[in-house]
Amino acid sequence: MTPDENEYDEYEVESAAESAAEAEAGTGAGTAVARPVAQQVEPPVGRPADRSPGHTEQRPPTLLRVLLERLNWAKFAVFDVQFSLAARRAAKEYGNSRVGNVSVSRITFKRWLAGTQSPQGDAATVLAYMLGVEVDLLLQRVPSREVVPARLPHGSSLATARSMDALWSSSSLSPSEAAAGTGGLWYLDGLRIFDGTAVPAQMYEATSQDDVVSIAVEENPHLRAFVQPARRALLIASLGGSGGEGLFVLDSARARYQLDADPRGTLPIPKPYRLDDLTFGILWAMLNLEDSLLADDHILDSERRELESHLAMPRSAVARSAVPELSRVGAAWLGSYFCALHIERHLGDVTEPSFFWTREQTGEEGAAWLFFRHKHEHLARATARRADTSEPPGHAFCIPEKSVKESEPYERILLFLTVALMEMHGLAVWVCTEEEYSQIDEFVLAPDDRVIVANWLRSDGIWRVGITDQRSQVRTYTQAIDHARAHSVIEGPTSAHRLRALADYLSVDWPWLLRRCQELGAYGSSGMLRPRSRLLSMDQLDEVLRFVGELDPE
């Protein structure tokens, strides 16, 4: 042990209480957060914690000690230099040369840290000037939380995590804690609609075992500390330390459940939860949607109660400025929700096939269909409404080549799953690519020659809706549907044919996508990421994953 490391232990303690404080002050300096009074160590099973007469409960640290540790000034040699500099600056500022000559002995410094002696006179003046806090506050005890440090991930694991930021432009991952007990952060930027979010994320080394990767039981103390808060957080398991490849993701809520069920076992993560374009796209979309909707929950609930007056009107439009406090996702949800109500109100009891035109061109836009609960209910009603199955209803998209080229692979996969969701619900999908059709209103062509307009996506306002039976306007919308049917780039007699053609158009590896959808669908995505908002659901996502996974790869 070096003299500096032992500097607080050279002196006799004056009381049991001071002894506890001295032990606290005797740790090395320079952490980013206040360290605990004592690390939490569980006693062996069957053996009670030590409560012998010699055992002394240690007190929380003083604010002075916490601040000095954050500044890396908690060792006397460092503090002495900083205190002398502060004294000279204080003397100049206060015009008092006597203050510039103040010094502090090592034993006095030790007692200040322990909270057993209060700074007085010029020393108190300098200390308050140095830290910007009144001396009375500096000697107060501050709350301290117990910290269980995580083991540093293997170098190859960290390199793999950093490479993801190059692979996905909307990702910025710091997978390990900057300070003990804090965890890393994963930033997920929005592109056009999403507001962007960040989620706590902690990396652990794992080993491969059959169809799971397992985090060792030695990590359980830190795992329990990391997953205990009710916040959203992600565990990232890496095989880098064991010579393997890949990162695997698990929701902290699922990890908490598993640790409670088997507190002495390893923590398994299914291999289908491996991070790739499919799982990253799901995580990116779900986390962005959910965090914005949770932030807007109260406003959305209030606005939803006021929609009836708008529904009573055949035409309605609401400017974005009408609800300025909504996030971009919140405004999109409200517009989408109202448009679904508007369509359902005017379709009524129609049982003949209707034709739908929507404006989604990217995965970020298509994510609403995959996760918004009201979208799922809208699709279910559209499926249940038709009485004659000889001619199924159809759904048209305009997805220009430019939009495809500007989208990253994970976004194109989300768009593919959006179209697959329509096909799963019995809607034959047509995709045209001509740019001039990309700005057509979102609408429904009803069988009684009415057009129900319902815009919310890429619109100036939150929504713009209407209904018309004017022959000239109906003809314009009918021509758009006819064009999409006649010039669809995914033409085929069955869903499998159309989806295979769509994968080719979106440059998605068809065999790989089918295999990954099958794997993830078999386990379900809710273990990887459990929804918290009542406005979202992953049930339809799991169903469409299984639907795609059962298609013929040939």
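Residues numbered from 1 in each chain as written. Predicted model: local features only at pLDDT ≥ 70, side-chain atom pairs only at ≥ 80, totals over all residues. Heavy atoms only, no water.

Turning our attention to helix 20 (residues 510-523). For an α-helix, 3.6 residues make a turn, and residues three or four places apart therefore share a direction. For helix 20, built from 14 residues, the straight-helix expectation of 20 Å at 1.5 Å per residue is met to within 8% by its first-to-last C-alpha distance of 20 Å. Residues of helix 20 that are buried make contact with helix 10 (277-295), helix 17 (409-424), helix 19 (495-505) and helix 21 (539-549). Its side-chain oxygen at 3.2 Å from the backbone nitrogen of Trp512, Asp509 defines the N-terminal cap of helix 20. One or two positions beyond helix 20, positive phi appears at Gly524, with a value near 85°. (Helix = DSSP H or I, 4+ residues; strand = E, 2+ residues; numbered from the N terminus. Expected span 1.5 Å × (residues − 1). Contact = heavy atoms within 4.5 Å. Polar contact = N/O pair within 3.5 Å; in protein donor to acceptor, adjacent residues only side chain to side chain.)

In terms of residue burial, strand 5 (residues 234-238) counts as a mostly covered element, since five of its five residues are buried. Residues Leu234, Ile236 and Ser238 line one face of strand 5 and the alternating positions Leu235 and Ala237 line the opposite face, and both faces are buried. Here five bridges tie strand 3 (residues 197-209) to strand 5, and the two strands are oriented parallel to one another. What sits directly across from Ala201, in strand 5, is Leu234. Pairing between strand 5 and strand 6 (residues 247-251): five bridges, direction antiparallel. Within the sheet, the bridge partner assigned to Leu234 lies in strand 6 and is Asp251. (Buried < 20%, exposed > 50% of the residue type's maximum accessible area, 1.4 Å probe, protein only. Pairing = 2+ DSSP bridges.)

With respect to the helices and strands, Glu408 occurs in the loop between helix 16 (401-405) and helix 17. Within the buried set, Glu408 has no salt-bridge partner at all; the shortest N-O distance to an opposite charge, 8.0 Å, is to Arg192. If we skip the residues at most four places from it in the chain, Glu408 touches Leu167, Trp168, Ser169 and Ser170. (Lys, Arg positive; Asp, Glu negative; His and termini not counted. Salt bridge = Lys/Arg side-chain N within 4 Å of Asp/Glu carboxyl O.)

With respect to topology, seven strands assemble into an open sheet ordered 8-14-13-12-9-10-11, the strand pairing being mixed. Of all the strands in the sheet, the pair left with one neighbour each is strand 8 (316-319) and strand 11 (428-432). For this sheet, the mean inter-axis angle between neighbouring strands, taken without regard to orientation, is 15°. Alignment of strand 9 (residues 355-357) against strand 12 (residues 443-445), held across three bridges, turns out to be antiparallel. Pairing of Phe356 across the sheet is with Val444, part of strand 12. Where helix 17 meets the sheet, its contacts fall on strand 10 (394-398) and strand 11, and the angle it forms with strand 11 comes to roughly 145°. (Axes fitted to C-alpha atoms, helices over the stretch in contact; angles between N-to-C directions.)

Our next topic: the environment of Leu545. In this fold, Leu545 is placed in helix 21. Separated by 27 residues in the primary sequence, Leu545 and Gln518 place their C-alpha atoms 6.5 Å from one another. Apart from residues lying up to four places away in sequence, Leu545 is in contact with Leu278, Leu417, Cys517, Gln518, Leu520 and Gly521.

On to the confidence of the model for the protein chain. Per-chain confidence: the protein chain averages 86 in pLDDT, with 86% of residues scoring 70 or above. Per-residue pLDDT, averaged within each element of the protein chain, yields its smallest value for helix 1 (residues 16-25) (39) and its largest for helix 10 (98). Counted against residues more than four places away or in other chains, residues 1-56, with its pLDDT under 50, gives 95 contacts. (pLDDT = per-residue confidence, 0-100.)

Moving on to the environment of Ser105. With respect to the helices and strands, the residue Ser105 is situated in the loop between helix 3 (76-94) and helix 4 (106-114). The class of Ser105 is partly exposed, set by a relative accessible area of 35%. Here the side chain of Ser105 touches Thr108 through a polar contact of 2.8 Å, side chain to side chain.

For the rest of this paragraph, the subject is the pattern of salt bridges. Pairing of side chains with opposite charge becomes possible as their charged atoms draw close. Tallied over the full model, the rule gives 22 salt bridges. Between Arg534 and Asp297 there is a salt bridge, and its shortest N-O distance comes to 3.0 Å. Of this pair, Arg534 sits in the loop between helix 20 and helix 21 while Asp297 sits in helix 11 (residues 297-304), placing them 237 residues apart in sequence. A relative accessible area of 43% places Arg534 in the partly exposed class. Residues Arg500 and Asp504 are paired through a salt bridge, measuring 4.0 Å at the closest nitrogen-oxygen approach. On the criterion of helical spacing, the pair formed by Arg500 and Asp504 is a turn pair, its members being four residues apart in helix 19. By relative accessible area, Arg500 is classed as partly exposed at 30%. Since its relative accessible area comes to 49%, Asp504 is described here as partly exposed. Three or more residues are tied together by salt bridges with common partners; here these are Arg232, Asp251, Glu290, Asp291 and Arg532.

Before going further, it helps to spend a moment on the packing of aromatic side chains. Under the criterion given, the structure shown has 19 aromatic pairs. Ring geometry for Trp333 and Tyr337: centres 4.8 Å apart, planes at 10°, overall stacked. Of this pair, Trp333 and Tyr337 both sit in helix 13 (residues 328-347), four residues apart, which is roughly one turn of that helix. A residue is classified by how much of its surface remains accessible, and Trp333, at 2% relative accessible area, is buried. For Tyr337, a relative accessible area of 17% translates into the label buried. Linked through ring pairs, Trp168, Trp186, Phe194, Phe280, Trp284 and Tyr410 together constitute an aromatic cluster. One Lys or Arg, Arg304, reaches over the ring of Tyr337 and ends 5.7 Å from the middle of that ring. (Phe/Tyr/Trp six-rings, centres within 6.5 Å; stacked < 30°, edge-to-face > 60°. Lys NZ or Arg CZ within 6 Å of the ring centre and 35° of its normal.)

It is at 9 Å that the axes of helix 17 and helix 21 come closest, and there the two elements cross at 85°. The angle between the axes of helix 17 and helix 21 places the two elements in the roughly perpendicular class. Residue-level contacts link Phe416, Leu417, Ala420, Leu421, Glu423 and Met424 of helix 17 to Gln540, Leu541, Glu543, Val544, Leu545, Phe547 and Val548 of helix 21. Along the lines of polarity and charge, the residues of the contact of helix 17 with helix 21 split into 10 nonpolar, one polar and two charged. (Parallel < 35°, antiparallel > 145°, perpendicular 65-115°, else oblique. Nonpolar A, V, L, I, M, F, W, Y, C, P; charged D, E, K, R; others polar.)

We now examine unusual backbone geometry. Positive phi values are uncommon outside glycine, yet Asn72 reaches one of about 65°. Positive phi, close to 60°, is recorded for Ser507, a residue that is not glycine. Looking at the element boundaries, Ser507 is found in the loop between helix 19 and helix 20.

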